[in-house]
Amino acid sequence: MPLENDFTVFISYAHEDNDSPDPSKRWLNRLLQQLQPLVFQKQVRTWSDTAIETGERWHESIRTQLHNAKVAVLLVSPAFLASDYIRNTEIPLLLKAQSRGVIILPIILRRCLFTATRFKYPDPINGPEEVSLSIFQSANSPDKPLNAMQEHEQDEVLVSVAERILKLTRSTLSASLSQGTAAASGREKPTNTPAIWNIPHPRNPFFTGRAQLLDRLHRELIATGKAALSLSGMGGVGKTQTAVEYAYLHRGEYRAVLWITANTEDSLKAGFAAIAAELNLPEKDAPDRDVVVSTVKRWLKGNAGWLLILDNADDLGLVSDMLEGEWGGHVLLTTRARAMGRASQVEIREMTAEEGTLFLLRRAKLIAIDDALGAATDADRELAAEITQEVGGLPLALDQAGAFVEEMSSNLSEYLELYRREGAKLMAQRGGAVADHESVTITFSLAFREVARTNAALADMLRACAFLAPDAIPEEIFVSGAGELGEKLASMVGGGINLVKMIAEGVRFSLIRRNMQNGTIEIHRLVQQVLKDEMDEKTRQFWAERVVRTLNKSFPQVEPQNWPLCEKLLPHAQEAAGLIEEYGFEFYEAARLLNQAGYYCTERAQYGEAEALYIRSLSIREKTLGSEHPSVTMGLNNLAILYKKQGKYLEAETLHMRALNIREKVLGLEHPDVATSLNNLALLYHDQGKYAEAEPLYIRALNIYEKVLGPEHPDMATSLNNLALLYKKQGKYAEAEPLYVRALNIREKVLDPGHPDLAGSLNNLAILYKDQGKYAEAEPLYMRSLNIREKVLGPEHPSVATGLNNLAILYKDQGKYAEAEPLYIRALNIREKVLGPEHPDLAGSLNNLAFFYENQGKYTEAEPLYVRALSIYEKVLTPEHPHTSLVRKNYADLLQKIQIKTEE
C-alpha cells in the first residue's frame, strides 16, 4: 500500500559536489536516480534545495522540509563540512530533528575530517553541546570514501542507502505496538529509542571500528529481510558489545528492541519472562515459565517491527525454534557456535591492528573518544599497536588493558613490560585459539592480582562469583550469606554503601558489571575461568563449598511472597547443583539448598528440573544420615508429591509407603509426622478413586492428630476436611456433613475471621449442600467464602477463581444461566491471566464452561473449549490422568451429539 507522499527523504549536500562536468561525480543526481523507483511507486518523496522555486524563502523551505522529514541523507565531503550554512544552521536543525525520531544517514563522498569535525547540538535543557557526526553510522567507512571506489562499488553504497530507506518505509507501515503496552511501562525511553526497550547494557562510549561488520549486519537483516542472523566468534571477541552497538545504532528503525541472555535454559526463560513484563502481557505473572515463553513467542509472530537479541546463545538447541519459521521481526544471536543450520551467519574476528590501537588509546583515555589515531603521540601509538599485537586484537583483553592503565595511573610502556614479564608462558605456547584465550587469561590475572593486593574483600567476592551463574547475580547473596564467604567479606559488606563501593571498584577494573535497577552484577565467563585458574584444586573446592553454603543461607522459604527472590536465585542454585555433583558435597546445607530449589520448581510447574534436584537432595540425606533417618522422609514425601502432580501414581505410592514405614519405625505409630504420611498416602489413593484404600488411612491420621495434638488443632480441621471430601465423593452425604461442620467450627474458633482456610471450609460445606440440592443453604456459604478470598487475597487470586467457578456451578444447576455465565468467564479470565494459557486449572475452567454451553445446546461454543482443555491436560499432565480422561469423554459425548444433530 503506497504512502500518501508523507515519507520525505531530506538530502543535505554541498553544491560543488553536484556541479562536476563528470556525471559520475554528480553525487546528488546519482542518489536521486537510485531513489527514483521509490518515488515512482509513491513510497517516498525526496527533497533537496534544488526544489526551491524562484522567489521562495529558501530558509523557511529548508526548515519546513526538515520538520516533515522521516530520513535525512548527508552527502559529506570537505566542502560539506566547510559550508557555513550547513555548519551553523542545517546540521543543528538536523540534530534537533534526530531527537524526535528522524533517521540520519551519512554518505562519505571524499576523504574528510568526518569523525573529528564537531557541531553544536542545541540542547534546550543542558545548553549547547558539541557532537561529531560520527555518532551516526555512515553508509561507507570514512577511510573508504566514494571517490576512492570503483563505480560499481559506488553504486553498491548508494543502493544500500536506497534499500535501507525502503525498509524504513515498510517499518512505518508495520502494525503499531499496543498503545497500552507503552503506557503501562510508565518509563521514558532515551532519545530516538523505541517505546519497548530492555537492552540491559549502556552504549559503550569507547566502541571503535566494526563499521563494515555493522553495515553487513544491517544489510543482512534489513535489506535482505532475513528473520534470523547469528553473530558468531570466540569468547571475548566483542560479540555482545557489537550487538549492543547495533541496537543503539538502529534503534530508530524498530518499534521494539529486546534482549535475552540465552546461555542456559533458565536464563532464556527468565529473559522471556522479562520481555513479557516489558510488554505487559496478561500472562506475565504466570507461575509456569513455559507458558510465559509460549505467550511471548506468539506475540513475536503476531507483531512486526521488532529486534530480538539472544546473547551468548552457545547451545543452539535451546533456541532452535527461533532460527526458522516466520517471525514478525528480526532475531540476532551472539554465539560461539559455528554450525548455524538454516540461520545466516556473520563471523566477528579480532580487531585489526588499526582498530585495536585506536580502541586501546581511547579506552586508556590517552586520546578523546572522537579523536583519530593522529591525536596520540608517536610513542603511545607504537606502544598501543604492540599491545594490540600481543593480545591478538581481542577486544576483551584490550578493554582490560585500557582499564588497568587508567585506574592504576599507569602508562602503556609499564603495562607492556608487565604483560611481557607475566606472559612468558603465553609466548612459549603461542599458536591457535589457545594463545588467544591465554592472552585474555593473563590480562585478567593482572587486574585481579591488583584487586587482591588492594581490596581483599572484593577479591573474595570475585572468587565467589567465579562459581555462580555469570549473569544476574543478586547482590542479596553477599549480604545474607556474607558470613559464609569469610571474615574479610563479612566485615566489609553489611549492605549499604560499603557493598556499593566494593562493587564499583570491581566495575572499574572491568571484572564485573552492575545492573543498578535490578540489584544484580554480572561477571564474564572468561573472568570466571581466569579466577578459577588462579586456584589449585583444593582452593577451588574450598570456594565451591563456600558458595553452596552461602546460597543455602540466602534461599528463603518457598512462599508466594518470596517467589521473586527464589526466581533470581534459581539459576545460581542450579549452578551450585553442578558443584555439589562435581565435588561430591554431602553436607546438610547442600541437601537443603537442592530441596528448596526443587520445591520452588515444583510450585512453578517445572517438574523436570524439580525431580533432578529432589533426587540429588534425597541421595545426600540418605548417605549422610542413613536410609531411615526422619529427615530422609521429607525428601521422600516431596518427591512423591511431585510424582502425584504428574500423574505418576505408582512411583508416588512407593515413596509414600517408604516414608510411612520409616516414620512408624523410628518415630512411633502415633507421631504427627506419621499422621502426615498417612494423610498424603490417602490423598494419593483418593485422586485415583481408590476410596476403600484411602478411608482407613484418613481415619487413622485423624485419630493420631486428635490424640496427640488435641481436638481443636488446625491440623485436625485439615484431616476432617479430607475425610469429608472422600465421603462426599462416594455420595455419603450424611457421613460427610458433620465432618465438614466440625472442621468449619474448629477453624472459626482458632483462626482469624478472614483466614483463607476458613474460606476453604465454607466452600467445601457449600459444595456438599449443592450436591444434595440444598441450594438455599449452599449459596450464602459460597458468597461468604468468596468475599473472604476477594478481601484477603485480592480479586484476581486463583482461589477467587475457584470460588467463582463453584458459585457458577450452583447457578447452572438451578438453571440460572444468566447469573452463571459471567462467573464462569471471570474465573476463566483470572486463571488465564494469573496461571498462564497452559495451566491445569485453566483447563478445568475451559471444561466447565464447555459443559455449561453443551447443556444449553450451544455446541459451536463448547467444542473449541473442550479441544483446548484436552490439549492442556495432555501436555501438562498425562494422557491417562483422570482429568484428561474426563475431558476426553466429555468431548467425545459432544461430538456424538453434534453428529446426531447433523444427521437429523
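Residues numbered from 1 in each chain as written. Predicted model: local features only at pLDDT ≥ 70, side-chain atom pairs only at ≥ 80, totals over all residues. Heavy atoms only, no water.

1. A few points about the overall build of the chain
Alright, step 1. A tally of helices and strands in the chain yields 38 helices and 15 strands.
Alright, step 2. Partitioning the intrachain contacts of the chain with sequence separation of at least 6 by distance along the chain shows that 69% fall at a separation of at least 24.
Alright, step 3. Accessible surface, the chain as shown: approximately 39000 Å² in total, 50% of it carbon and sulfur. (Helix = DSSP H or I, 4+ residues; strand = E, 2+ residues; numbered from the N terminus. Contact = heavy atoms within 4.5 Å. Areas by Shrake-Rupley, 256 points an atom, 1.4 Å probe, with all protein chains shown as cover.)

2. Notes on the pattern of salt bridges
Close approach of charged atoms allows side chains of opposite charge to pair.
Alright, step 1. Under the defined criterion, the tally for this structure stands at 46 salt bridges.
Alright, step 2. Across the pair Lys568 and Glu476 runs a salt bridge, and its minimum N-O distance is 3.3 Å. You can see Lys568 sitting in helix H23 (residues 563-583) and its partner Glu476 sitting in the loop between strand E13 (473-474) and helix H18 (477-480), a full 92 residues away along the chain.
Alright, step 3. Given a relative accessible area of 26%, Lys568 falls into the partly exposed group.
Alright, step 4. What emerges from the salt-bridge pattern is a single network uniting Lys728, Lys770, Asp771, Lys812 and Asp813. (Salt bridge = Lys/Arg side-chain N within 4 Å of Asp/Glu carboxyl O. Buried < 20%, exposed > 50% of the residue type's maximum accessible area, 1.4 Å probe, protein only.)

3. Here we look at the sheet that holds strand E9 (residues 256-261)
Alright, step 1. The 6 strands are arranged E7-E9-E10-E11-E8-E12 in an open sheet whose pairing can be described as parallel. At either end of the open sheet lies a strand with only one pairing partner, and these are strand E7 (196-197) and strand E12 (344-347).
Alright, step 2. Two strands pair when backbone bridges link them, and strand E8 (residues 228-232) and E12 are joined in this way by 4 bridges, in the parallel orientation. For Ser232, the partnering residue across the bridge sits in E12 and is Glu347.
Alright, step 3. Against the sheet, helix H8 (residues 239-249) makes contact with E7, E8, E9, strand E10 (306-311) and strand E11 (330-335), and its axis sits at roughly 155° relative to E11, the strand it touches most. (Pairing = 2+ DSSP bridges. Axes fitted to C-alpha atoms, helices over the stretch in contact; angles between N-to-C directions.)

4. Re the packing of helix H32 (residues 756-771) against helix H34 (residues 798-813)
To characterise two packed helices, one gives the angle between the axes of the helices and the distance between these axes.
Alright, step 1. Contact geometry of H32 with H34 gives a least axis separation of 11 Å together with a crossing angle of 15°. Of the possible angle classes, the one that applies to H32 and H34 is roughly parallel. For the element pair H32 and H34, the recorded crossing hand is left-handed. The residues of H34 that touch H32, namely those facing Asn763, Ile767 and Lys770, are Asn806, Ile809, Leu810 and Asp813. (Parallel < 35°, antiparallel > 145°, perpendicular 65-115°, else oblique. Left-handed = near helix turned anticlockwise from the far one by under 90°.)

5. As for the packing of helix H25 (residues 607-625) against helix H26 (residues 630-645)
Alright, step 1. Where H25 meets H26, the axes come as close as 9 Å, and the angle between the chain directions of the two elements is 160°. Regarding the angle of H25 to H26, the classification is roughly antiparallel. The handedness of the crossing between H25 and H26 comes out as left-handed. Contacts between H25 and H26 pair Tyr607, Ala610, Glu611, Tyr614, Ile615, Leu618, Arg621, Glu622 and Leu625 from the former with Ser631, Val632, Met634, Gly635, Leu636, Asn638, Leu639, Leu642, Tyr643 and Lys645 from the latter.

6. Remarks on the environment of Gly356
Alright, step 1. Turning to its location among the elements, Gly356 is positioned in helix H11 (residues 353-363).
Alright, step 2. As a C-alpha pair, Gly356 and Asp399 span 43 residues in sequence and 9.7 Å in three-dimensional space.
Alright, step 3. Here Gly356 is in contact with Met351, Thr388 and Leu398, once residues within four sequence places are set aside.

7. Brief notes about the sheet that holds strand E4 (residues 103-108)
The strands that make up a sheet pair up through hydrogen bonds in the backbone, lying either parallel or antiparallel.
Alright, step 1. Strand order across the open sheet formed by 4 strands is E2-E1-E3-E4, with parallel pairing between neighbours. Every other strand in the sheet has two partners, leaving strand E2 (45-47) and E4 as the edge strands with one partner each. Averaged over all adjacent pairs, the angle separating strand axes in this sheet is 20°, with direction ignored.
Alright, step 2. Summarising the sheet, strand E1 (residues 8-12) and strand E3 (residues 69-76) pair through 5 bridges and their orientation is parallel. Looking at the pairing, Phe10 lines up with Ala72 of E3.
Alright, step 3. Its contacts with the sheet place helix H1 (residues 27-40) against E1, E2, E3 and E4, and it is angled at close to 175° to E1.

8. A few points about H32
Alright, step 1. Look at H32: 23 Å from first C-alpha to last across 16 residues, which is about the 22 Å you get at 1.5 Å a residue.
Alright, step 2. Backbone geometry just after H32 places Gly773 at a positive phi near 80°. (Expected span 1.5 Å × (residues − 1).)

9. Remarks on the nonpolar core
Alright, step 1. Core analysis: the biggest nonpolar cluster contains 150 residues, and Met461, Phe467, Phe478, Val548 and Phe555 have the highest contact counts within it.
Alright, step 2. Top contributing element to this core by residue count: H23, with 10 residues.
Alright, step 3. The residues touching Met461, leaving out its near neighbours within four places in the chain, are Phe478, Leu489, Leu499, Met502 and Ile503.
Alright, step 4. With 51 residues, the next largest nonpolar core counts Leu229, Ala243, Leu373 and Tyr415 among its residues. (Core = buried A, V, L, I, M, F, W, Y, C linked by side-chain atoms within 4.5 Å.)

10. Overview of helix H13 (residues 395-407)
Alright, step 1. The terminal C-alpha atoms of H13 lie 18 Å apart, and with 13 residues this matches the ideal 18 Å at 1.5 Å per residue to within 8%.
Alright, step 2. In terms of residue burial, H13 counts as a mostly covered element, since 11 of its 13 residues are buried.
Alright, step 3. Listed in full, the buried residues belonging to H13 are Pro395, Leu396, Ala397, Leu398, Asp399, Gln400, Ala401, Gly402, Ala403, Phe404 and Val405.
Alright, step 4. Note on H13: the residue one or two positions beyond its end, Ser409, has a positive phi of about 50°.

11. Considering the pairing of E11
Alright, step 1. Burial of E11 is extensive: 6 of the 6 residues sit out of reach of the surface.
Alright, step 2. Burial along E11 is two-sided: the face carrying His330, Leu332 and Thr334 and the face carrying Val331, Leu333 and Thr335 are both buried.
Alright, step 3. Of the strand pairs in this sheet, E8 and E11 are connected by 5 bridges, and their pairing is parallel. Of the residues in E11, the one forming a bridge with Ser230 is Leu333.
Alright, step 4. The pairing of E10 with E11 spans 4 bridges and is parallel.

12. Brief notes about the packing of aromatic side chains
Alright, step 1. One pass over the structure, following the stated rule, counts 10 aromatic pairs.
Alright, step 2. Judged by centre distance (5.6 Å) and plane angle (20°), the rings of Tyr583 and Phe585 are stacked. Taken individually, Tyr583 and Phe585 each receive the classification buried, so the pair is uniform in this respect.
Alright, step 3. Members of the aromatic cluster, joined through ring pairs, are Tyr817, Tyr824, Phe852 and Tyr853.
Alright, step 4. A cation sits over an aromatic face here: Arg546 above Trp543, 4.8 Å from the ring centre.
Alright, step 5. Here the basic side chain of Arg549 rests over the ring of Phe587, its NZ or CZ set 4.1 Å away from the ring centre. (Phe/Tyr/Trp six-rings, centres within 6.5 Å; stacked < 30°, edge-to-face > 60°. Lys NZ or Arg CZ within 6 Å of the ring centre and 35° of its normal.)

13. Side note on the pairing of E8
Successive residues of a regular strand alternate their side chains across the two faces of the sheet.
Alright, step 1. In terms of burial, E8 is a largely internal element, 5 of the 5 residues being buried.
Alright, step 2. A two-sided burial pattern is seen for E8, the buried positions comprising Ala228, Ser230 and Ser232 on one face and Leu229 and Leu231 on the other.

14. Points about the confidence of the model for the chain
Alright, step 1. Residues at a pLDDT of 70 or more form 89% of the chain, whose mean pLDDT is 83.
Alright, step 2. Confidence drops under pLDDT 50 across residues 173-191; counting only partners more than four residues distant or on other chains, this segment forms 27 contacts.
Alright, step 3. Across residues 423-439 the pLDDT falls below 50, and counting only partners more than four positions away or on other chains, this stretch makes 20 contacts in the model. (pLDDT = per-residue confidence, 0-100.)

15. Considering the state of the cysteines
Alright, step 1. Summed over the entire model, instances satisfying the criterion amount to 0 disulfides.
Alright, step 2. No disulfide involves Cys566; its nearest neighbouring cysteine sulfur is the one of Cys601, lying 9.8 Å away.
Alright, step 3. With relative accessibility at 0%, the residue Cys566 sits in the buried group.
Alright, step 4. The class for Cys601 is buried, based on a relative accessible area of 0%. (Disulfide = S-S within 2.5 Å.)

16. Points about the side chain of Glu567
Alright, step 1. Along the chain, the position of Glu567 falls in helix H23.
Alright, step 2. Apart from residues lying up to four places away in sequence, Glu567 is in contact with Arg289, Tyr600 and Arg604.

17. A short note on the environment of Gly209
Alright, step 1. Here Gly209 shows up in the loop between E7 and helix H7 (211-223).
Alright, step 2. For Gly209 and Met351, which are 142 residues apart along the polypeptide, the C-alpha to C-alpha distance reads 8.1 Å.
Alright, step 3. Aside from chain neighbours lying at most four places away, what touches Gly209 is Leu214 and Glu355.

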